Amino acid sequence: MASYKGGGGGGGGIPLERMSVEQLRALKEQADLEVNLLQDSLTNIRTATNRLEIASSALNDLSLRPQASKMLVPLTASLYVPGTLDDSQKVLVDVGTGYFIEKTMAEGKDYCERKINLLKSNFDQLVEVASKKKNVADEMAVILQAKMKQLASTSS
């Protein structure tokens, strides 16, 4: 017998089979909304991880360039300006909300790797939570469908 524990995570919970159709429908909508939010979060984490992997690759490429080499420097995603590499051993790392920290090349690479590992760990945990929420929502849908069928057969 399935039960819904609610947000508290405490004791036994309310058996789903004993809930009214309206209660089940409301809980199913809430569970579906939570699943959608978790999926959006997973997409955002995947995007951030990809950007950090690109940044890490760019750091590797930059470390191989000789000093005083000409290059295009990105100001935005679509605007590049000509520049000259002054020191390939010092980089500016964007740590968020407009803050940049000067680091050595090795520290910059290490920062990217640590952030990538953190995001991948968070992604794995979120996948597990999203999967459990999806299973609960699917279980609610089955019980709701059975109750609707039962109501239709008793009213006929």
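Residues numbered from 1 in each chain as written. Predicted model: local features only at pLDDT ≥ 70, side-chain atom pairs only at ≥ 80, totals over all residues. Heavy atoms only, no water.

In the nomenclature of an unreviewed UniProt entry, the chain corresponds to Prefoldin subunit 5 from the organism Stylosanthes scabra. Taken from UniProt, the Sequence similarities (unreviewed entry) comment for the chain reads in full: "Belongs to the prefoldin subunit alpha family." (UniProt positions renumbered as here; feature names shortened; annotations may be inferred.)

Draft legend 1. Region of the structure containing the packing of helix 1 (residues 21-64) against helix 2 (residues 105-155). Two numbers describe how helix 1 lies on helix 2: the axes approach to 7 Å, and their chain directions differ by 160 degrees. Taken together, helix 1 and helix 2 sit at an angle that is classed as roughly antiparallel. Considering only the axes of helix 1 and helix 2, their crossing is left-handed. Considering only residue class, the contact of helix 1 with helix 2 consists of 29 nonpolar, seven polar and 13 charged. (Axes fitted to C-alpha atoms, helices over the stretch in contact; angles between N-to-C directions. Helix = DSSP H or I, 4+ residues; strand = E, 2+ residues; numbered from the N terminus. Parallel < 35°, antiparallel > 145°, perpendicular 65-115°, else oblique. Left-handed = near helix turned anticlockwise from the far one by under 90°. Nonpolar A, V, L, I, M, F, W, Y, C, P; charged D, E, K, R; others polar.)

Draft legend 2. Summary view of the side chain of serine 88. Inspection of the secondary structure assignment puts serine 88 in the loop between strand 4 (80-84) and strand 5 (90-96). Excluding its chain neighbours within four sequence positions, the residues that come into contact with serine 88 are Leu62, Ser63, Arg65 and Met105. (Contact = heavy atoms within 4.5 Å.)

Draft legend 3. Layout of the side chain of serine 69. Its location among the elements puts serine 69 in the loop between helix 1 and strand 3 (70-74). For serine 69, a relative accessible area of 15% puts it in the buried group. One polar contact links the side chain of serine 69 to the main-chain carbonyl oxygen of proline 66, over a distance of 3.0 Å. Apart from residues no more than four positions distant in its own chain, serine 69 is found in contact with Gly83, Thr84 and Leu85. (Buried < 20%, exposed > 50% of the residue type's maximum accessible area, 1.4 Å probe, protein only. Polar contact = N/O pair within 3.5 Å; in protein donor to acceptor, adjacent residues only side chain to side chain.)

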